[in-house]
Amino acid sequence: MKVIEKQTGVAFELKEGQMLKVTDPHGEQVSDMVLFNAHDIREKISSGKTLDFEESILISTGNFLWSNRSRKMMEIIEDTNGRNDFLLAPCSPETFRIMYQNPHYHPSCFENLYTNLSGYGIEPDDIPTAFNIFMNVQFSPNGKLSVEPPQSKAGDFVLFEAKMDLIVGLTACSAEDSNNGSFKPIHFEIIGSNEEHV
Ligand SMILES: [Zn+2]
């Protein structure tokens, strides 16, 4: 098991067939995840394709995460919380200027994703809409969106299986509203056919 400290991120490779377990150790903490094809980083996770093919805006157990080339990147094997978001882009420096009226530096998922993924040749403009694990975005029939505290409790996890060789970017989200006002770590574990419990 590995730890993503609060308001930080990591990047790593995940082989086809390996599993990724992402755990919220304290509860009410979001983790943004982006995926790239390890052999061609122009192929990446797509919110639009996933919501289209899965015919839902709520993605959980049994759903697949699809790429911009309409191929399966991951399957969600287990989801003990059941609420994730795939509508909103990662929080970025502009998020805090525009939505929080905060003119000062603020850590963000966007920065934590592109800095950790830069070693794989991935640039800021390459970062897609993330799959926001544990994020609780509510929507009304007229389309109004609101970011509510996560419903995840300590120990809740989502277990993913890779359907192709992947580069994964993963954060412990830095936005106050997404995490009920406090920042916590995220735990993750790679469970592999090649390497057991890395
Ligand atoms: Zn964030």
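Just above, that's the structure.
Summarised in this report is the structure supplied together with it. As the structure is a prediction and not an experimental result, all values here were calculated from the model. (Residues numbered from 1 in each chain as written. Predicted model: local features only at pLDDT ≥ 70, side-chain atom pairs only at ≥ 80, totals over all residues. Heavy atoms only, no water.)

What follows covers empty space enclosed by the protein. Applying the stated criterion across every chain, the model contains 1 cavity of 30 Å³ or more. Lining the largest cavity are I57, L58, R83, N84, D85, L87, M135, V137 and F139. Residues belonging to the lining of the largest cavity are distributed by class as follows: 6 nonpolar, 1 polar and 2 charged. (1 Å grid on protein atoms, 1.4 Å probe; cavity = no way out; pocket = protein on both sides within 12 Å on 5 of 7 lines; lining within 4 Å. Points joined across faces, edges and corners; volume = space filled by probe spheres on them. Nonpolar A, V, L, I, M, F, W, Y, C, P; charged D, E, K, R; others polar.)

We now examine the coordination of the zinc ion. On the protein side, the zinc ion has C91 (SG), C109 (SG) and C173 (SG) as donor atoms, found 2.2 to 2.3 Å from it. Mapped onto the sequence, the donors of the zinc ion take the spacing C-x17-C-x63-C. In this pair, C109 is assigned in helix α3 (residues 109-117) and C173 in the loop between β12 (166-171) and β13 (186-191), connecting sequence segments 64 residues apart. A single burial state applies to C109 and to C173, both of which are buried. (Donors = N, O, S within 2.8 Å, 3.2 Å for Na, K, Ca; no water. Helix = DSSP H or I, 4+ residues; strand = E, 2+ residues; numbered from the N terminus. Buried < 20%, exposed > 50% of the residue type's maximum accessible area, 1.4 Å probe, protein only.)

If you trace the backbone, S174 turns up in the loop between β12 and β13. Setting aside residues up to four positions removed in sequence, S174 forms contacts with Q7, C91, F96, H106, P107, S108, C109, N112, N179 and F183. (Contact = heavy atoms within 4.5 Å.)

Here the focus is the nonpolar core. With 38 residues, the main nonpolar core has L20, M33, L65, F131 and F160 as its most contacted residues. Contacts of M33, omitting those with residues within four sequence positions, involve L20, I45, L65, M74, A130, F131, I133, F160, V168, G169 and L170. Grouped together as the second largest cluster of nonpolar side chains are 8 residues, V30, M135, V137 and C173 included. (Core = buried A, V, L, I, M, F, W, Y, C linked by side-chain atoms within 4.5 Å.)

Roughly 340 Å³ of volume is contained in the largest pocket. Lining the largest pocket are 18 residues; nearest its centre among them are L88, T95, M99, M135 and V147. When residues of the lining of the largest pocket are assigned to their parent elements, the largest contribution, 3 residues, is made by strand β10 (residues 145-148). Class assignment for the residues of the lining of the largest pocket results in 12 nonpolar, 4 polar and 2 charged.

For the coordinates displayed, the defined rule picks out 5 salt bridges. Between E75 and K163 there is a salt bridge; the shortest N-O distance is 3.6 Å. Taken as a pair, E75 in strand β7 (residues 72-79) and K163 in the loop between β11 (156-162) and β12 lie far apart in primary sequence, 88 residues in all. With a shortest N-O distance of 3.8 Å, K163 and E161 are connected by a salt bridge. Linked through salt bridges whose partners overlap, the residues forming this network are D40, R42 and R69. (Salt bridge = Lys/Arg side-chain N within 4 Å of Asp/Glu carboxyl O.)

So, about the packing of aromatic side chains. What describes a pair of aromatic rings is the distance from one ring centre to the other and the angle between the planes of the rings. In the structure shown here, the tally under the stated rule is 7 aromatic pairs. Ring plane angle 40 degrees and centroid distance 5.1 Å describe the contact between F96 and Y100, whose orientation is recorded as tilted. Y100 gets classed as partly exposed once you look at its relative accessible area, which sits at 25%. By way of ring pairs, the aromatic residues F53, F64 and W66 are connected into one cluster. Lying across the ring of F157, K21 places its NZ or CZ 4.4 Å from the centre. The cationic tip of K72 hangs over the ring face of F64; the distance from NZ or CZ to the ring centre is 4.1 Å. (Phe/Tyr/Trp six-rings, centres within 6.5 Å; stacked < 30°, edge-to-face > 60°. Lys NZ or Arg CZ within 6 Å of the ring centre and 35° of its normal.)

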